[in-house]
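These are the residues of each chain, in order.
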Amino acid sequence: MDSSSGVGVLDKAAQVLTALEQGPTTLAGLVTATGLARPTAHRLAVALEHHRLVSRDLQGRFVLGPRLTELAAAAGEDRLLATAGPVLARLRDITGESAQLFRRQGDFRICAAAAERPVGLRDTIPVGTQLTMNAGSAAQVLLAWEEPERIQRGLTNATFSAVALSTVRRRGWAQSVGEREAGVASVSAPVRSPAGKVIAAVSVSGPIERLTRQPGRLHAPAVMAAAERLSEVLRRSGGES
């Protein structure tokens, strides 16, 4: 099938964005992935950066930009985000803790939706926040069901182990205590597409003083139920395959 739209500059920009879907990429990597000439790849990446469709990480590599998350949130057909708000609000009310929805983007995870605890000490993660895939219960969930080689790569600098991910797959949820941030604990569970692929993680997070050092004992059932509600919405709508 011909992938050309007939509008060359748009086709090339789409090639750049598709290449960045795999994670942070240098200019040389963009040239290799797209087949574009180096000046063309650079010009397009910088132009996309101007419109916040592309950004750069701390190493100066190109990554997908925050505008894409904003557009996804605004898309009416995105049933996951459209439904996440009420589900996360209910999860927050049941657990008394802040609730989030995370999606993976390359080597990072993005907070796609959140319902914050209104008062008291809480773990605040604004929508659009980019966090590492090396720590935290949501990172464990988003990595646990990946292909073996991708799991191996993901474990290189992770604070959790392959044994921990095996436990996550067995019980269907993950917990972390002080992994991402000292004094913070969390519990996460997977959201699945109609095809069964893990596409997001539902989480609750808060201070260890409330969640304890075994937060899953307190909140795993509620977090799993919220994740299943979102998975069911996707199964009914046939979205996010």
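Residues numbered from 1 in each chain as written. Predicted model: local features only at pLDDT ≥ 70, side-chain atom pairs only at ≥ 80, totals over all residues. Heavy atoms only, no water.

- Going by the annotation in an unreviewed UniProt entry, the name recorded for the protein chain is IclR family transcriptional regulator, with Propioniciclava flava given as the source organism.

## Digging into the sheet that holds strand β5 (residues 130-132)
Then, number 1: Taken in spatial order, the 6 strands of this open sheet run β5-β4-β3-β8-β7-β6, and their pairing is antiparallel. Each having just a single partner strand, β5 and β6 (174-177) make up the two edges of the open sheet. Adjacent strand axes in the sheet meet at a mean angle of 30° when their direction is disregarded.
Then, number 2: Of the strand pairs in this sheet, strand β7 (residues 184-192) and strand β8 (residues 198-207) are connected by 9 bridges, and their pairing is antiparallel. Bridged to V191 within β8 is A200. (Pairing = 2+ DSSP bridges. Helix = DSSP H or I, 4+ residues; strand = E, 2+ residues; numbered from the N terminus. Axes fitted to C-alpha atoms, helices over the stretch in contact; angles between N-to-C directions.)

## Focus: the packing of helix α1 (residues 8-20) against helix α3 (residues 38-50)
How two helices sit against one another is set out by the angle between their axes and by the gap between those axes.
Then, number 1: Where α1 meets α3, the closest approach of the two axes is 10 Å, and the angle between their N-to-C directions is 80°. Judged by the angle between their axes, α1 and α3 are roughly perpendicular. Two secondary-structure elements touch here, α1 through V9, K12, A13, V16 and L17 and α3 through T40, L44 and L48.
Then, number 2: Of the residues in the contact of α1 with α3, the class split is 6 nonpolar, 1 polar and 1 charged. (Parallel < 35°, antiparallel > 145°, perpendicular 65-115°, else oblique. Contact = heavy atoms within 4.5 Å. Nonpolar A, V, L, I, M, F, W, Y, C, P; charged D, E, K, R; others polar.)

## Let's talk about the domain arrangement of the protein chain
When the parts come together, some accessible area is lost, and that loss is often what is quoted as the size of the interface.
Then, number 1: By domain assignment, the protein chain separates into domain 1 (8-74) and domain 2 (79-239).
Then, number 2: Taking the mean C-alpha position of each, domain 1 and domain 2 sit 27 Å from one another.
Then, number 3: Between domain 1 and domain 2 lies a buried interface of about 620 Å² when both sides are counted; carbon and sulfur atoms form 61% of it.
Then, number 4: If you look at where domain 1 meets domain 2, you find 0 salt bridges.
Then, number 5: Linking domain 1 with domain 2 are 1 residue pair in polar contact (both at pLDDT 80 or more).
Then, number 6: When residues in the side of domain 1 that touches domain 2 are grouped by element, the largest group, 3 residues, is from helix α4 (residues 66-74).
Then, number 7: Of the residues belonging to the side of domain 1 that touches domain 2, the class tally is 4 nonpolar, 3 polar and 1 charged. (Domains from an automatic or database assignment. Buried area = accessible area lost by both parts, 1.4 Å probe. Salt bridge = Lys/Arg side-chain N within 4 Å of Asp/Glu carboxyl O. Polar contact = N/O pair within 3.5 Å; in protein donor to acceptor, adjacent residues only side chain to side chain.)

## What to know about the nonpolar core
Then, number 1: In terms of nonpolar packing, the biggest core is built from 26 residues, with L80, L88, L91, L101, V191 and V202 touching the most fellow members.
Then, number 2: Of all elements in the fold, only α5 (79-95), β3 (98-105), β4 (108-115), β7, β8 and α10 (215-237) reach the threshold of two or more residues within this core.
Then, number 3: If you tally residues by element for this core, the top one is α10, at 7 residues.
Then, number 4: Grouped together as the second largest cluster of nonpolar side chains are 20 residues, I125, V141, L143 and L155 included. (Core = buried A, V, L, I, M, F, W, Y, C linked by side-chain atoms within 4.5 Å. Buried < 20%, exposed > 50% of the residue type's maximum accessible area, 1.4 Å probe, protein only.)

## Structural notes on the pattern of salt bridges
Then, number 1: Per the counting criterion, the structure on display carries 10 salt bridges.
Then, number 2: Between R180 and E181 there is a salt bridge; the shortest N-O distance is 3.5 Å.
Then, number 3: Residue R180 is classed as partly exposed on the basis of its relative accessible area of 28%.
Then, number 4: Among the salt bridges present, the one from E232 reaches R235, with a minimum N-O distance of 2.8 Å. Pair noted here: E232 and R235 are both in helix α10, with a separation of 3 residues, about one helical turn.
Then, number 5: Here E232 falls in the partly exposed class, since its relative accessible area comes to 29%.
Then, number 6: Classification of R235 by relative accessible area gives partly exposed; the value is 38%.
Then, number 7: It is possible to trace a salt-bridge network through shared partners that takes in E228, E232, R235 and R236.

## Section: the environment of A13
Then, number 1: With respect to the secondary-structure elements, A13 resides in helix α1.
Then, number 2: Separated by 32 residues in the primary sequence, A13 and A45 have C-alpha atoms spaced 7.7 Å apart.

## Topic: the UniProt feature "domain: HTH iclR-type" (unreviewed entry) in the protein chain
Then, number 1: Look at the UniProt record and you will see "domain: HTH iclR-type" (unreviewed entry) annotated at residues 7-66.
Then, number 2: Segment residues 7-66 splits into 58% helix and 10% strand. End C-alpha atoms: 25 Å apart. (UniProt positions renumbered as here; feature names shortened; annotations may be inferred.)

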